[in-house]
Amino acid sequence: MSRRDLPPPPPPAHLREWLDESVVRADRARSLAELVRRSLGLERLLLLWAVAAVFALGWSFVGMALMAFEEGGPLARALGLVFAALAAGVLVPAGIWFGRGARLDRRIRQLQCAWAASDRDPAADRRLRAPGRSLTWLLASLALGVLGLRVTFGAATGTRPGEGPYAELVLPMGLGLILWVTALLGLGKAGAHYRWAVCALRPAGPGPGAPAPSGRLSPGAPARRSASTGRPPRASGTPSRSSGPAA
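Residues numbered from 1 in each chain as written. Predicted model: local features only at pLDDT ≥ 70, side-chain atom pairs only at ≥ 80, totals over all residues. Heavy atoms only, no water.

A. Spatial organisation of the packing of aromatic side chains. Using the criterion set out here, one finds one aromatic pair in the structure. Here the aromatic rings of Phe61 and Phe83 are separated by 6.5 Å at their centres, their planes lie at 15°, and the arrangement is stacked. With Phe61 in helix H3 (residues 42-71) and Phe83 in helix H4 (residues 74-118), this pair connects stretches of sequence that are 22 residues apart. Here Phe61 and Phe83 have matching classes, each one buried. (Phe/Tyr/Trp six-rings, centres within 6.5 Å; stacked < 30°, edge-to-face > 60°. Helix = DSSP H or I, 4+ residues; strand = E, 2+ residues; numbered from the N terminus. Buried < 20%, exposed > 50% of the residue type's maximum accessible area, 1.4 Å probe, protein only.)

As structure tokens, this is what we get:
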């Protein structure tokens, strides 16, 4: 997936005033749905795990190179150089792939924020929260993190100082760390989507010209005088019939 396959950014505000409101809202709903699908889709989760698997493969070559160097001898050292070259050939493309994915995720998040701020459509935004996809990322990342912690601490507790080659500890520790970091990335993506859905897709509040709630006065509004606290009417010049003659 490349940046060219992403939806375009929303039109500027001065151009949206000349467009049909229903067309703008339809484009907004379609673009946000496509961005959410590409951000939290199952293929993105599998792609993250595929990158982690490539990193694990490269780290396995690093572990085998360390084992070969620890054995000593010219043949073992030559084999270690071969494994080191294989590790570099796997880890460098994996790092480039990971960097491209991170830039793509950042671009998707920028487009999501821009389209969400362009308008408000509570009926369409309710479907964009995608709680099922966020929960899938959350549970899968939690399971992967538990597995990574188990591998890391199992390797640390099962090895005694001075016993066994150094590579036998480095290899499982690195693999567990890769699983743990992948789980943290998945948890971060699920949390970032939840924060975006809560902040950017919340319904718009009442505007500044909206009437104040009943029983309260808006700031700056003149206070009304009730009938019970008003001044009594001025006495007219004509005496009432019930009053007697003036003394």
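B. Spatial organisation of the side chain of Ser134. Within the fold, Ser134 resides in helix H6 (residues 131-157). Aside from chain neighbours lying at most four places away, what touches Ser134 is Leu40, Arg129, Ala190 and His193. (Contact = heavy atoms within 4.5 Å.)

C. Quick look at the environment of Trp137. Here Trp137 shows up in helix H6. A C-alpha to C-alpha distance of 9.9 Å links Trp137 and Arg44, two positions 93 residues apart in sequence. In contact with Trp137, not counting residues within four places along its chain, are Ser39, Leu40, Gly41, Arg44, Leu45, Leu48, Gly186, Lys189 and Ala190. Separated by 3.1 Å, the side chain of Trp137 and the backbone oxygen of Leu40 make a polar contact. (Polar contact = N/O pair within 3.5 Å; in protein donor to acceptor, adjacent residues only side chain to side chain.)

D. Examining the nonpolar core more closely. One finds Leu6, Leu32, Leu35, Val36, Ile108 and Trp196 to be the most contacted residues of the largest nonpolar core, which totals 13 residues. Within the residue set of this core, elements represented by two or more residues are helix H2 (21-40), H4 and helix H7 (167-200). For this core, the leading source of residues is H4, giving five residues. Leave out the neighbours within four places in its chain, and Leu35 touches Leu6, Pro7, Ile108, Leu111, Gln112 and Trp115. Within the second largest apolar cluster, six residues are counted, among which are Leu48, Trp137, Ala140 and Ala190. (Core = buried A, V, L, I, M, F, W, Y, C linked by side-chain atoms within 4.5 Å.)

E. Main features of the packing of H2 against H6. Where H2 contacts H6, the axes come no closer than 10 Å and their chain directions differ by 15°. With respect to H6, the axis of H2 lies roughly parallel. The chirality of how H2 crosses H6 is left-handed. Here Val36, Arg37, Ser39 and Leu40 of H2 lie close against H6, whose contacting residues are Arg133, Ser134 and Trp137. By residue class, the composition of the contact of H2 with H6 is three nonpolar, two polar and two charged. (Axes fitted to C-alpha atoms, helices over the stretch in contact; angles between N-to-C directions. Parallel < 35°, antiparallel > 145°, perpendicular 65-115°, else oblique. Left-handed = near helix turned anticlockwise from the far one by under 90°. Nonpolar A, V, L, I, M, F, W, Y, C, P; charged D, E, K, R; others polar.)

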